[in-house]
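What follows is the residue order along each chain.
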Amino acid sequence: MSSSNTGIEWTDKTWNPTTGCNKVSPGCLHCYAEALTERFPKSFQEGFKLTLHPDRLDQPGKWRTPSRIFVNSMSDLFHEDIPFEYLQEIFAIMRDTPWHVYQILTKRDKNLAKLAPQLEWAKNIWMGVSVENQRYVHRIDALRQVPATVRFLSCEPLLSELSLDLTGIHWVIVGGESGYQHRPIEPEWVRGILQQTRESETAFFFKQWGGHHSKAGGKLLDECTWSEMPSAWDEHLIEWQNQKISRHQKSSKIQSKDLITI
Ligand code: SF4
């Protein structure tokens, strides 16, 4: 379970150079990553303890098709216990594999605000924060300061109505919670966020209503599906779809053994 294709609709692959985390806010209560580590203890021998996996750093270089890659679906890339040098290494790999788009999502806005100015934000890095209820909208202020090509919000699991300042935000993802202890989502909350995205020309992606399992409630909102992506994704595909990745990699730092073994 080190990395894989994924069922998450707004991405293509997950890449987990770290796994494990600890809970910071109500959105973490039924953490999917924690549940997965408990379900597959052989794959996660350290359990949900924060663990670095340097052996996975070369994975994206081996994936030749331009993809959207969700970084750390099983952790939080801005966790305080991740050494800064390791974080820099991850950012260097993202920079050196420019045919992919990397989607990073954090709940640790303070650490993001502290470290972002010291990192190199390549064009293919998208940055997001989770906002599950009104109490955590302040995370957006930290995000707004990050010089990422795309800044996005994940409002999942959505736990309250939200009044958002979407200045400088390119994309909002909304979803209800899944699982037997899922907390209910109200249609009015979703409609309210949709309306705010229409007023600010922000892309809107409604993932699911949630329920006992992720597909239980479907994803129709007033008879419509909403799967908008930031225009940066289409632009990225146009730029990379006809390029020979292998030729590019010859001049990249990660060329060497990684590509020869494909
Ligand atoms: S921050 Fe994310 S990975 Fe960490 S405990 Fe919360 S939901 Fe789970």
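Owing to the predicted nature of the structure, the values given are computational and were not obtained by experimental measurement. The residue numbering used here restarts from 1 in each chain and proceeds along that chain's sequence as written. Only residues with pLDDT of 70 or above have their local features reported here, since the model is predicted, and side-chain atom pairs are shown and tallied only from 80 upward, although totals for entire chains, interfaces and linings are computed over all residues.

## Quick look at the overall build of the chain
Just so we agree on the cut-off: Only DSSP runs of H or I reaching four residues or more are called helices, and only runs of E reaching two or more are called strands; each is numbered from the N terminus. Note that the radius of gyration is over C-alpha atoms, with the globule rule given as 2.2 Å times the number of residues to the power 0.38. Three exposure classes are used, based on other C-beta atoms lying within 10 Å of a residue's own C-beta, which is placed from the backbone: buried for 20 or more, exposed for 12 or fewer, and partly exposed in between. Working definition of a contact: two residues with C-beta atoms, positioned from the backbone, lying within 7 Å.
A tally of helices and strands in the chain yields nine helices and ten strands. Scaling as 2.2 N^0.38, a compact globule of 262 residues should have a C-alpha radius of gyration of about 18 Å, and the chain matches this with 18 Å. Each principal axis of the C-alpha atoms in the chain carries an extent, and together these give about 55 × 40 × 35 Å. The buried share of the chain, reckoned over its 262 residues, is 38%. At a minimum sequence separation of 6, the contacts of the chain that also span at least 24 residues come to 70%.

## What about unusual backbone geometry?
Cis rather than trans, the peptide bond between E156 and P157 has omega equal to 0°. Positionally, P157 belongs in the loop between β8 (150–155) and β9 (171–175). For D222, which is not a glycine, the phi torsion comes out positive at approximately 50°. Along the chain, D222 falls in the loop between β10 (203–208) and α7 (231–240). Among the residues examined, D222 registers 9 C-beta atoms within 10 Å and is labelled exposed.

## Structural notes on the pairing of β9
Put simply, the rule is: Two strands pair under a simple rule: DSSP has to find at least two bridges between them. The crossover handedness rule: strands pointing away from the viewer, path from first strand over the helix to second strand clockwise, crossover right-handed.
A large share of β9 lies buried, amounting to five of its five residues. Here β9 shows a buried face lined by W171, I173 and G175 and a second buried face lined by V172 and V174. Of the pairings in the sheet, the one linking β8 to β9 comprises four bridges and is parallel in character. Bridge assignment links S154 to a residue of β9, and that residue is I173. As defined by bridge partners, β9 adjoins β10 across five bridges and the pair is classed as parallel. Residue pairing across strands places I173 opposite F205, the latter belonging to β10. Taken together, β9, helix α6 (residues 187–200) and β10 form a β-α-β motif whose crossover is right-handed.

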